[in-house]
Amino acid sequence: MNTKKCLQLLMLVGFLWVQFLQAEIKLPAIVSSNMVLQRDTDVTLWGWADPFEDISIEASWLHESINILADKEGNWKVKVMTTNSKEAQIIKIFSRTSNILLKNILFGEVWLCSGQSNMQQPLSGYNGQPTFGALHAVANANNPNLRLFTVHRKGAKLPLNNIDSYDGWEEASSINVMEFSAVAYFFGEQLQKILDVPVGLIHTSWGGSKVEAWISKEYMNTYQTVDLDSVDINKQTNHIPTALFNAMINPLIPYTIKGTLWYQGESNRDKPSEYKERFPAMVKDWRSRWNIGDFPFYYVQIAPFLYGDNNAFEVSNNSAYIRETQLKCVDLIPNSGIAITMDIGEANCIHPAKKKEVANRLLFIALHKSYGYKTIDFSGPIYNSMIAHEGGLMLQFQNAEKGLYTFTNLTGFEIAGEDKVFYPADAKIINGNRVFVTSGHVKTPVAVRYAWRNWVKGSLFDTNLLPASSFRTDDWNDAKHVE
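A. Focus on the nonpolar core. Trp76, Ile91, Ile202, Trp286 and Phe413 are the most contacted members of the largest nonpolar core, which has 97 residues in total. In terms of nonpolar packing, the next biggest core, distinct from the first, is built from 38 residues, Ala182, Phe187, Val300 and Ala366 among them.

B. Summary view of the sheet that holds strand β19 (residues 426–430). If you trace the 4 strands from one edge of the open sheet to the other, you get β14-β15-β20-β19, paired in antiparallel fashion. This sheet does not close on itself; its edge strands, each paired only once, are β14 (382–389) and β19. When the angles between neighbouring strand axes are averaged without regard to direction, this sheet yields 25°. Across 7 bridges, the pairing between β14 and strand β15 (residues 392–398) is antiparallel. Considered in β15, the bridge of methionine 386 is made with leucine 395.

C. Expanded view of unusual backbone geometry. In the segment running from isoleucine 253 into proline 254, the intervening peptide bond is cis, with an omega of 15°. Mapped onto the elements of the fold, proline 254 is located in the loop between α6 (243–249) and β11 (259–263). Backbone geometry at threonine 242 places phi at a positive 75°, although glycine is not the residue there. Here threonine 242 lies in the loop between α5 (217–220) and α6. With relative accessibility at 1%, the residue threonine 242 sits in the buried group. At asparagine 399, a position not held by glycine, the phi torsion is positive, near 55°. As for its position among the elements, asparagine 399 is in the loop between β15 and β16 (404–405).

D. Spotlight on the packing of helix α7 (residues 272–290) against helix α8 (residues 320–332). Interaxial distance between α7 and α8 falls to 9 Å at its minimum, and their mutual angle equals 30°. If you check the angle between α7 and α8, you find them roughly parallel. The two elements α7 and α8 meet at a crossing, and its hand is right-handed. Only Tyr321, Ile322, Thr325, Gln326, Lys328, Cys329 and Leu332 of α8 make contact with α7, whose side of the interface consists of Pro272, Tyr275, Lys276, Phe279 and Pro280.

E. Expanded view of the side chain of asparagine 250. Along the chain, the position of asparagine 250 falls in the loop between α6 and β11. Of the polar contacts made by the side chain of asparagine 250, one reaches the backbone oxygen of leucine 160; its length is 2.7 Å. When sequence neighbours within four positions are dropped, the list of residues in contact with asparagine 250 reads Pro159, Leu160 and Phe245.

F. Geometry of the packing of aromatic side chains. Evaluated as defined, the whole model comprises 27 aromatic pairs. Their ring planes at 35° and their centres at 4.7 Å tell us that phenylalanine 413 and tyrosine 450 sit as a pair that is tilted. Highlighted residues: phenylalanine 413 in strand β17 (residues 413–416) and tyrosine 450 in strand β21 (residues 447–450), separated in sequence by 37 residues. We classify tyrosine 450 as buried; its relative accessible area is 1%. Each residue in the set Trp214, Trp262, Tyr275, Phe279, Trp286, Trp290, Phe295, Phe297 and Tyr299 is aromatic and connected to the rest through ring pairs, giving one cluster. Across from the ring centre of phenylalanine 295, 5.6 Å away, lies the NZ or CZ of arginine 287, which sits over that ring.

G. How the structure looks around the pairing of strand β2 (residues 42–48). With 6 of 7 residues buried, β2 lies mostly within the body of the structure. Judged from the 7 bridges that link them, β2 and strand β5 (residues 75–81) form a sheet pairing that is antiparallel. When the bridges of β5 are listed, tryptophan 48 appears paired with asparagine 75.

H. A look at the pairing of β15. Burial within β15 is extensive, with 5 of its 7 residues counted as buried. The loop that links β14 with its antiparallel partner β15 comprises 2 residues; one of these, glutamate 390, has a positive phi angle of about 50°. Here β15 pairs with strand β20 (residues 434–438) via 4 bridges, running antiparallel. Across the sheet, leucine 395 pairs through a bridge with valine 435, a residue of β20.

Rules used in this analysis
Residues numbered from 1 in each chain as written. Predicted model: local features only at pLDDT ≥ 70, side-chain atom pairs only at ≥ 80, totals over all residues. Heavy atoms only, no water. Core = buried A, V, L, I, M, F, W, Y, C linked by side-chain atoms within 4.5 Å. Buried < 20%, exposed > 50% of the residue type's maximum accessible area, 1.4 Å probe, protein only. Pairing = 2+ DSSP bridges. Helix = DSSP H or I, 4+ residues; strand = E, 2+ residues; numbered from the N terminus. Axes fitted to C-alpha atoms, helices over the stretch in contact; angles between N-to-C directions. Parallel < 35°, antiparallel > 145°, perpendicular 65-115°, else oblique. Left-handed = near helix turned anticlockwise from the far one by under 90°. Contact = heavy atoms within 4.5 Å. Polar contact = N/O pair within 3.5 Å; in protein donor to acceptor, adjacent residues only side chain to side chain. Phe/Tyr/Trp six-rings, centres within 6.5 Å; stacked < 30°, edge-to-face > 60°. Lys NZ or Arg CZ within 6 Å of the ring centre and 35° of its normal.

Have a look at this one:
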């Protein structure tokens with residue numbers, strides 16, 4: 001090849017190389033038109049460009065543009081202060097090769113909604129498993145101040161920085177809400193009306209997922225060594241430690257959120273002691289990565305369901321133990337709250353149809369704890385203490401200032417003596433705020449259990465009709481139950 005042709009080839013390669021280097025700015029999927037940015041706070045915008053690229057950002061609510069420089073790897077990130085304005089906003093992002101316009105942006109309340117199939121369940125329900133109130137919700141769904149973002153289900157061996165497939169931020173409408181998370185939608189729709197501000201819902205869940213799948217490798221390595229090199233990421237993805245965190249949580253960080261709603265636990269019900277460690281660890285993991293403090297984390301206790309034998313009382317076979325664990329996690333997770341669902345489970349369906357009731361209870365927690373509605377009750381009765389009384393046991397409760405309530409008669413109570421054998425018991429509300437439990441089979445009782453079965457219908461409430469969780473006054477794992 002002669003010298004002239006060599007020079008031409010080198011010039012062509014050089015030109016193509018320069019063109020390759022001058023790549024356009026890329027934004028994460030979550031940063032797009034129609035998004036809701038958390039109001040009146042510092043939010044993060046980020047993306048990718050050429051190394052050391054000069055980037056200019058103009059926002060309709062700012063008086064001056066923001067000028068930043070991408071780092072040596074092309075990453076860039078900037079904090080921007082939002083306001084309480086209810087007007088739609090725009091953002092323009094410029095560089096040598098890019099001119100990006102993001103439109104129809106709102107400031108409001110942003111909630112991340114995650115978990116397994118009960119969070120994933122859409123308004124349309126599952127086959128043969130309805131969501132009550134869905135048609136009414138769809139008929140009234142058109143709301144430009146409620147925005148939805150769905151993360152498609154995917155696992156990854158390493159943390160991803162973006163979501164491959166997504167529908168983008170959408171205004172809620174009768175067209176798109178039918179396949180959106182019912183719990184998330186019912187929560188957000190009511191929150192938007194009550195606060196009269198825009199609300200953004202980010203839905204990222206996967207049915208049947210274990211909590212380990214939602215925890216980062218760094219945190220999971222505390223409990224077990226995570227090595228996914230030889231793992232088939234496409235088989236039982238929702239059970240693979242860190243896989244869902246990598247693909248469905250990490251790409252959302254550091255999008256600024258108000259808080260998180262979580263509905264999961266069925267897939268971890270056989271190992272409650274592990275869940276007691278790993279669930280709070282997951283929350284701590286997420287909070288450390290978002291780096292916006294202990295943001296609100298409100299979650300749902302799994303509902304009663306007929307898991308196999310309803311007379312099984314081993315720790316691994318009785319879901320009352322995981323419900324107990326979830327209740328205890330409120331004290332282990334700062335700024336958290338639990339929605340109890342003892343009254344709305346279904347014996348033969350693990351996906352209760354009453355998703356609006358679940359959302360209501362999460363809403364009550366958020367209104368009271370996050371938005372200052374202190375007159376809103378958010379917790380049913382919680383067992384507090386016990387004393388022996390006239391051959392029975394008298395139970396006292398927290399969060400029952402105006403008394404206890406039952407629709408008919410109290411059911412589901414059992415009582416035992418020192419022999420650790422529980423018998424069905426009679427229980428009644430005394431003086432409006434205590435429960436007296438007795439059984440002719442137990443002359444000297446020392447322990448009480450309530451709703452300590454896989455399937456049971458809750459019968460104990462406060463006067464705002466918020467149910468009590470299943471509970472036990474003992475710590476025995478070797479007790480026996482007599483029908």
